[in-house]
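Residues per chain, in single letters:
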Amino acid sequence: MDFQLSGKTALITGGSRGIGFAAAKSLAAEGARIALSARDPAQLQRAKEELSGIGLPVLTIPSDLTVSGDEIRIMEAVMAEFGRLDILVNSAGAAQGGVFWKLSDEDWQNNLALKLFGTIRMMRAAIPVMLEQGYGRIVTIAGAAGRQPEAHLMPVGVANAGLYAITRALADELGPHGIVLTALNPGVTRTDRFINRLKNRAQKEGRTLEEIQTETENHILEQTPLRRIGTAEDIAAWITFLASDRAAHFTGQSITVDGGLNRPPG
Ligand SMILES: NC(=O)c1ccc[n+]([C@@H]2O[C@H](COP(=O)([O-])OP(=O)(O)OC[C@H]3O[C@@H](n4cnc5c(N)ncnc54)[C@H](OP(=O)(O)O)[C@@H]3O)[C@@H](O)[C@H]2O)c1
């Protein structure tokens, strides 16, 4: 299938690693010009070098989406380089969990600062440009915990539920202007984030990473109808479709890509 992304410009937040980077590779392979944002400039540079093989321009913008104002800098850089923004993929996120009654105000604020407020900031900066163009595609990487919250992952669930609410509500306002919004819920996906969570657990429980990894993976595999753990490329394929005009008649909704683990009714 030709996704017809040639000549389109895509900004991927959290684009230096994991799901964001896989999305950047996939969108670039379909012809999109890519802008990547993340904090670590060295990792952004490595990502740019890997993408440069595709032969299209790649812009990197070191920035921290927990810092108010960085979203403006990101948009200014994209507009200066490419003059438009067709696709925004919100993939910067790193919310953590904890026992609900032990989480302080500060824990909640830290947890929500990136995934929820960072995404709000980035959308707030990108939407006026898309409105002016009369065209835009926004794909937000949320997570199943927004629909099926877990007691020990409450800030994650709350952030994701907030992202669904924004996606659903803005569809009414932006649809008539040619702007399509979707949220995507990856299941457990093998990225640095997954491994880091296992490392933290191993440290907390005084066990080895191998032990925790085998136990966690076996548990996920047992429960997942497709008996596999997702890859960043699995998610990137959906992002590419949702960001393309092939998904032109779909907005304000979320899709779960997790090997069949969570199956919302309908
Ligand atoms: N992996 C999973 O199992 C899974 C499951 C469900 C949902 N998700 C969601 O999918 C999204 C991507 O996850 P992932 O697994 O790809 O994560 P990842 O591999 O840890 O990558 C996270 C990306 O976000 C960037 N980032 C982190 N903090 C940032 C900040 N303050 N400002 C700007 N960029 C920042 C990171 O680069 P720097 O550190 O250099 O900033 C990196 O590029 C997240 O929203 C996550 O919640 C993931």
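Rules used throughout
Residues numbered from 1 in each chain as written. Predicted model: local features only at pLDDT ≥ 70, side-chain atom pairs only at ≥ 80, totals over all residues. Helix = DSSP H or I, 4+ residues; strand = E, 2+ residues; numbered from the N terminus. Rg over C-alpha atoms; globule rule 2.2 N^0.38 Å. Contact = placed C-beta atoms within 7 Å. Domains from an automatic or database assignment. Nonpolar A, V, L, I, M, F, W, Y, C, P; charged D, E, K, R; others polar. Pairing = 2+ DSSP bridges. Axes fitted to C-alpha atoms, helices over the stretch in contact; angles between N-to-C directions. Near = placed C-beta within 6 Å.

Undergrad: Let's hear about the overall build of the chain: which residues, and what values?
TA: From N to C terminus, the chain includes 8 helices and 7 strands. Rg of the C-alpha trace for the chain: 18 Å, near the compact-globule value of 18 Å for 266 residues, within the 12% margin. C-alpha extents for the chain along the principal axes are approximately 50 × 40 × 40 Å. A fraction of 71% describes how many contacts in the chain between residues 6 or more apart in sequence connect residues 24 or more apart.

Undergrad: Requested: an account of the domain arrangement of the chain, with residues and values cited.
TA: Here the domain parsing of the chain yields domain 1 (9-189 + 231-257) and domain 2 (190-229). Residue composition of the side of domain 1 that touches domain 2, grouped by class: 4 nonpolar, 3 polar and 1 charged.

Undergrad: Report on the sheet that holds strand β5 (residues 136-141), specifying residues and quantitative values.
TA: Ordered by their spatial adjacency, 7 strands build an open sheet running β3-β2-β1-β4-β5-β6-β7, and the pairing between neighbours is parallel. The open sheet has two edge strands, β3 (58-62) and β7 (253-257), and neither has a second partner. Neighbour-to-neighbour, the strand axes of the sheet open up by a mean angle of 15°, direction not taken into account. Examined bridge by bridge, strand β1 (residues 9-13) and strand β2 (residues 33-38) share 5 bridges and lie parallel to one another. Bridging from a neighbouring strand, Thr13 pairs with Ser37 of β2.

Undergrad: Could you give an account of the site of the ligand, naming the residues involved and the relevant values?
TA: Among the 28 residues in the neighbourhood of the ligand, the closest are listed as Gly14, Gly18, Arg39, Asp40 and Gly93. Every element with two or more residues in the shell around the ligand is listed here: α1 (18-29), α4 (105-133) and α6 (192-205). Along the lines of polarity and charge, the residues of the shell around the ligand split into 10 nonpolar, 11 polar and 7 charged. Here the shell around the ligand gathers at least three residues from each of two domains, domain 1 (9-189 + 231-257) and domain 2 (190-229).

Undergrad: Kindly report on the environment of Arg201, identifying the contributing residues and their values.
TA: Its place among the elements puts Arg201 in helix α6. Spatially, the C-alpha atoms of Arg201 and Gln213 are 9.7 Å apart, while their sequence positions differ by 12 residues.

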